[in-house]
Amino acid sequence: KTKIAVLTSGGDSAGMNAVVRAIVKYGITKGCEMFVVREGYEGLVRGNADAPTFKRKVSFNKHDLNGHTELLDDTSFISNLRYGDGTLLKEGEGDAMDHPGGRSLKGRYIIRVGWDDVRGWFAEGGTLIGTARSAAFRTREGRLSAAKNLIHEGIDALAVCGGDGSLTGADLFRSEWPSLVSDLKASGDITETQANYYAHLKIVGLVGSIDNDMSMTDTTIGAYTALHRICESMDNINSTAFSHSRAFVVEVMGRHCGWLALMAGISCGADFIFIPERPPKAHPWEDEMCDNIHRHREAGKRTTIVIVAEGAHDADLNPIRAEDVKTVLSERLGLDTRVTCLGHTQRGGRPCAWDRILPTLQGVEAVDALLEATPETPSYMIGMHENKITRVPLVEAVKMTQSVAVAIKDKDFEKAMSLRDPEFCE
Ligand code: F6P
């Protein structure tokens, strides 16, 4: 039986739970044993060794895939703690902290899950299995521990859902795997038989990020939900802006990528947008912005909305600060101006329909990619291109995404956009 673990990593995004649900459910139908890793790579590094031992007797409902339910004991106090295939929990596996959606940072990090454990997860925001930006996993020591924990749990395939940083970590883990295994064998942490059996780690990446900043895929899981969130906020801002005939400078997320800002600007009729990939044509930018807004006001517009992508105010790249924009709007155009930073309201909340559909389709593809993987095939990132689910080599996608960041840093904006997405460039 292939044992597949799934984890979510980096900044959460709507749709991550739908990824976990799809992978767990489809994996079960393919005869795999399914696991979740709580708290991202951090959970992989920590593993289950320090988990407290379970003392209480546990009982559960047995569900089979046809939906039949059989009560196996009379105390179902932790209803979610059962395996979908009906296998009894072993001693030590039933602590309440083991709930795959548990909130405690103690307990087991790598947990076997079944069909019912992920029921309804497509509609939940954030990530119920937790996420982290793990410093430990960035060290070789941490990755050694992660490899040991996976092998000790008998897991031979890993699905990682996260942004470019998390997938860079996945790529590194995969490329280092043979040397990690050989170090673990040398230190006696794993046996020779284990070293031979786990000689290759199957790994697949799914892109969960609100930023939509990954190369070689048209869209990332969570980006459209975040865009919806921004639109809702913009509608709210617009009505108060209209009432007072005010200007608003709105800061949106997106890290180095201007996709959220640009799409929000189009969706909400912004007057001016600052994105890292295309700084204002004129330097200084004040004239260009004021000319545009003045024209719009002359044409009778009561509201002024300027969107600043967070990447545009990164001091190293292209320092446009919301407060500076406000000063210019107030002093040069005499507009009563306010600044609003939407912050993490953009990232939270229930996924829109697209962020349920995309992760479901991609989760299925991810399991297939893992089951079809051989030592010769590359590790894949599951993407989407022209409305089709795709598999692209993880290493290439990661490399291209990193080149975009370098190009932006070098102020080679045309190159950055063509590397990220040629169509976006046009
Ligand atoms: O990558 C997603 C993202 O929300 C970015 O848009 C933002 O720059 C960053 O994460 C914020 O990270 P944190 O939640 O750790 O402050």
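- Per an unreviewed UniProt entry, the recorded name for the protein chain is ATP-dependent 6-phosphofructokinase, and the organism is Schizopora paradoxa.
- Of the protein chain, the UniProt comment under Function (unreviewed entry) reads exactly: "Catalyzes the phosphorylation of D-fructose 6-phosphate to fructose 1,6-bisphosphate by ATP, the first committing step of glycolysis."

1. So, the sheet that holds strand E10 (residues 304-309)
Turning to step 1, where the next piece is worked out: Across the sheet, which stays open at both edges, the 4 strands sit in the order E9-E10-E8-E11 with parallel pairing between neighbours. Looking along the sheet, the strands with just one partner apiece sit at the ends: strand E9 (272-274) and strand E11 (337-341). The average angle at which neighbouring strand axes cross in this sheet is 15°, direction not considered.
Turning to step 2, where the next piece is worked out: Sheet topology places strand E8 (residues 247-252) next to E11; 5 bridges connect them, and they run parallel. Of the residues in E11, the one forming a bridge with Val250 is Thr340.
Turning to step 3, where the next piece is worked out: Strands E8, E10 and E11 of the sheet are contacted by helix H6 (residues 223-244), whose axis makes an angle of about 165° with E8.

2. Some points on the packing of helix H1 (residues 16-29) against helix H10 (residues 354-372)
Turning to step 1, where the next piece is worked out: Taken N-terminus to C-terminus, the directions of H1 and H10 make an angle of 40°; their axes are 8 Å apart at the nearest point. Classed by the angle they form, the pair H1 and H10 counts as oblique. Relative to H10, H1 is oriented so that their crossing is right-handed. Seen from H1, the contacting residues are Ala18, Val19, Arg21, Ala22, Ile23, Tyr26 and Gly27; seen from H10, they are Asp355, Arg356, Pro359, Thr360, Gly363, Val364, Ala366, Val367 and Asp368.
Turning to step 2, where the next piece is worked out: Residue composition of the contact of H1 with H10, by class: 9 nonpolar, 3 polar and 4 charged.

3. Describing the pairing of strand E2 (residues 33-37)
Turning to step 1, where the next piece is worked out: The buried fraction of E2 is high, at 5 of 5 residues.
Turning to step 2, where the next piece is worked out: Burial along E2 is two-sided: Glu33, Phe35 and Val37 facing one way and Met34 and Val36 facing the other are all buried.
Turning to step 3, where the next piece is worked out: Of the strand pairs in this sheet, strand E1 (residues 3-8) and E2 are connected by 5 bridges, and their pairing is parallel. Opposite Val6, over in E2, you have Val36 as the bridge partner.
Turning to step 4, where the next piece is worked out: Chirality of the crossover, the property in question, places the unit of E1, H1 and E2 among those that are right-handed.
Turning to step 5, where the next piece is worked out: As paired strands, E2 and strand E5 (residues 110-113) are joined by 4 bridges and run antiparallel to one another. Bridged to Met34 within E5 is Val113.

Analysis parameters
Residues numbered from 1 in each chain as written. Predicted model: local features only at pLDDT ≥ 70, side-chain atom pairs only at ≥ 80, totals over all residues. Heavy atoms only, no water. UniProt positions renumbered as here; feature names shortened; annotations may be inferred. Pairing = 2+ DSSP bridges. Helix = DSSP H or I, 4+ residues; strand = E, 2+ residues; numbered from the N terminus. Axes fitted to C-alpha atoms, helices over the stretch in contact; angles between N-to-C directions. Contact = heavy atoms within 4.5 Å. Parallel < 35°, antiparallel > 145°, perpendicular 65-115°, else oblique. Left-handed = near helix turned anticlockwise from the far one by under 90°. Nonpolar A, V, L, I, M, F, W, Y, C, P; charged D, E, K, R; others polar. Buried < 20%, exposed > 50% of the residue type's maximum accessible area, 1.4 Å probe, protein only. Right-handed = clockwise from strand over helix to strand, strands pointing away.

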